[in-house]
Amino acid sequence: MFENVKNIDKAVISVHCHNDLGLATANTMAGLLNGARQAEVTMNVSANVRGNTSLEEVAMIIKTHSDMGLYTNIVSERITGSVSW
């Protein structure tokens, strides 16, 4: 996509994955590692409730695997627990 879409460098590419087969976080990380710069996630809600990957999972993978070359300014200590529905 990055090689074939004209002016793609002017767009912010986003990844939005659903957890249909339990792979939303893995697929989100794959998207980020392959050039997406925005991840659409669920925040402080069970991923199963909304069907998307969770902010805390993506944030902690990025924080603990600095060798991936990804960065976020999320302060993980400020991520709170799930909301009850």
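Residues numbered from 1 in each chain as written. Predicted model: local features only at pLDDT ≥ 70, side-chain atom pairs only at ≥ 80, totals over all residues. Heavy atoms only, no water.

*Asks:* Help me out: how do you make sense of the pattern of salt bridges in this one?
*Replies:* Pairing between side chains becomes possible if they bear opposite charge and their charged atoms approach one another. In total, this model carries 1 salt bridge according to the counting rule given. Note that Lys-63 and Glu-77 form a salt bridge whose closest N and O atoms lie 3.2 Å from each other. A residue pair is termed long-range when its members are at least 10 positions apart, and Lys-63 in helix 3 (residues 55-64) and Glu-77 in the segment after helix 3 qualify at 14 residues. Take Lys-63: its relative accessible area is 45%, and that puts it in the partly exposed class. On the basis of relative accessibility, which here comes to 62%, the residue Glu-77 falls in the exposed class. (Salt bridge = Lys/Arg side-chain N within 4 Å of Asp/Glu carboxyl O. Helix = DSSP H or I, 4+ residues; strand = E, 2+ residues; numbered from the N terminus. Buried < 20%, exposed > 50% of the residue type's maximum accessible area, 1.4 Å probe, protein only.)

Functional significance is not addressed by these values, which are geometric in nature.
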